[in-house]
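Below, each chain spelled out in residue letters.
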Amino acid sequence: MVAYARYWKWKRMENKYENNPEERQEWGAYATPPPTFHLNSDKQEVQQNSPATLCVRVQEMLPSLVDNDGTIRPEMAAALFAHLAVCPTCAKEFEEMQRTVAVLNTLALQPLPMDFSGVIMHRIELEMGGLYAKQAPPATSPISQVQTGESYATEHITDFATVSQLQHTTVETSVTQSTLTAWQRVVALGAFFATLLVFLSSGWGRATLGASLQTARGWLRQIAQATEEIPLLGWVTGQAFSVISQSLHLLEETYRTLGASAMKGLFVDVVVATTVIVFVNGRKSQARKASTGGL
Amino acid sequence: MRTVSLLEQTDAMLVRQTLCGQANAYNTLVQRYQRQVYNLAYRMLGNAEDAGDLVQDTFLRAYGALASFRQDASFLTWLYKIASNLCIDLLRSRKTRYALSLDAETDEGREPAADSRSSAPEEIAVRGAVQDVVHHAIQNLPERYRVVVIMRHLNDMSVEEIAQALDLPTGTVKTHLFRAREMLRGRLRPVLEMEADGK
Ligand SMILES: [Zn+2]
């Protein structure tokens, strides 16, 4: 306990005189007054004032001395210590004050009963969601930072999802987090294109696609015929449906006629798309790094 | 010194990111300072449950007022300011409730409950809980003294930081601190004697 108290005292002194090592040295010298200082500086005052008045004055300054709060100059501290060496009443007072401070300094920070960040972020989202509009990093112009409520809301929600994910892996920087999701996106897109590629490169896949497109076309044609009975509006709707049906027919034909060359073409598409995504994400995280001062 | 200013820069950065709508920046701030705020609240209010609620309220209120936070100031000191105000409000409302329900004496300087429990040094030694005694002694200080003692000795704040957080002149903070210690000196006498014997 005593060692702990000494440590605290030492720590404070270190902080206080960090910028002025000379002063710290002086204080260190006065903290244990050598015999030569014995009452020397106070003798005249003792003669001028009664001892009782002197003790009152000393005791007024003791709290600052105990606290080492910077208001007492080293010379005055030396004088006070000299007085303490000869006056048991003031010495006792000083010692008790020191011990009180030492005991108070044994108060330790309690551990948290739980991590409150999850609850807090959830409550913020519920009670104050959308208070600060999602914006691009401050480097860009203010106009481009304004977003519509809807896009803000969706991004906001995904943000909170990643936050709750992160709570389990606390030591993760935002930079690695963003590259992770970027890679996840690349993998997902790659998988999607690969599936499409396999589907289209097989005769069975093309047939299935063609058949389902044909069915859809059939339904659309039926709806168009039914609505064409209605005057004006029905006619417009009918025309629209037959246009969609015609384009579906075109798509169907394309799928049916796609041959082995589709394999090569789609492979090139996947590579190009992946490169573009990686490049764009790289640029984004670089911009973020720059805006956060390189941390 | 340098580490402190670096840390503050990072806080300011996180605040700016939060204001730009990055929710996980605020999450980092919460995780960084929740323990300090919790401890201030725990020592002010005396129990873990109220302290937990107060941590939540503090960070919610700070989030709501984040736009008004001066970026060159210390974020932690600002949090302490919000937290201590909320603590004092809660303690006052508690006191009013107490007065209404029991019609009892509500004077801040009333005799501490801890004193009846801690008389002989052996008793304390047996319980082996100096911290417990100190905690109870602090609980029985008037609020304005309690808050400075906790900030100074538990949160390790300087007198200037406390003055900033409480909107008081440094002289007043010092006076409160010394008076609080005087009161504690009397109440902690058994512990202090034990400390002296321990040497
Ligand atoms: Zn004296």
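Here's a quick rundown of the structure. Given the structure is predicted, the values throughout are model-derived calculations rather than measurements.

### Here's the deal with the packing of helix 9 (residues 159-166) of chain B against helix 10 (residues 170-187) of chain B
Any two packed helices are characterised by the angle at which their axes cross and by the distance between the axes.
All names here are of chain B.
At step 1: Running from N to C, helix 9 and helix 10 cross one another at 105°; their axes reach a closest spacing of 9 Å. One element, helix 9, and the other, helix 10, form an angle in the roughly perpendicular class. For the pair formed by helix 9 and helix 10, the contact residues are Val159, Glu160, Ile162 and Ala163 on the first element and Thr170, Val173 and Lys174 on the second.
At step 2: Taken together, the residues of the contact of helix 9 with helix 10 sort by class into four nonpolar, one polar and two charged.

### Comments concerning the coordination of the zinc ion
All names here are of chain A.
At step 1: Looking at the zinc ion, the protein donor atoms are Cys55 (SG), His83 (NE2), Cys87 (SG) and Cys90 (SG), and they sit 2.2 to 2.3 Å from it.
At step 2: Angles of 99 to 116° at the metal separate the four donor atoms of the zinc ion, which places the site in the tetrahedral class.
At step 3: When the donors of the zinc ion are listed by position in the chain, the intervening gaps give C-x27-H-x3-C-x2-C. The two residues His83 and Cys87 agree in class, both being buried.

### Considering the pattern of salt bridges
At step 1: One pass over the full model with this rule turns up 15 salt bridges over all chains.
At step 2: Of the charged contacts in the structure, one is a salt bridge between Arg189 of chain B and Glu96 of chain A, with a shortest N-O distance of 3.0 Å. Taken together, the residues Arg189 of chain B in helix 11 (residues 189-198) and Glu96 of chain A in helix 6 (residues 88-105) connect one chain to another.
At step 3: Ionic pairing is found between Arg94 of chain B and Asp50 of chain B, a salt bridge with its closest N-O pair at 2.5 Å.

Procedures and definitions
- Residues numbered from 1 in each chain as written.
- Chains lettered and ligands numbered in written order.
- Predicted model: local features only at pLDDT ≥ 70, side-chain atom pairs only at ≥ 80, totals over all residues.
- Heavy atoms only, no water.
- Axes fitted to C-alpha atoms, helices over the stretch in contact; angles between N-to-C directions.
- Helix = DSSP H or I, 4+ residues; strand = E, 2+ residues; numbered from the N terminus.
- Parallel < 35°, antiparallel > 145°, perpendicular 65-115°, else oblique.
- Contact = heavy atoms within 4.5 Å.
- Nonpolar A, V, L, I, M, F, W, Y, C, P; charged D, E, K, R; others polar.
- Donors = N, O, S within 2.8 Å, 3.2 Å for Na, K, Ca; no water.
- Tetrahedral: all angles 85-135°; square planar, octahedral: opposite > 155°, others 65-115°.
- Buried < 20%, exposed > 50% of the residue type's maximum accessible area, 1.4 Å probe, protein only.
- Salt bridge = Lys/Arg side-chain N within 4 Å of Asp/Glu carboxyl O.

Keep in mind these numbers describe shape, not what the thing actually does.
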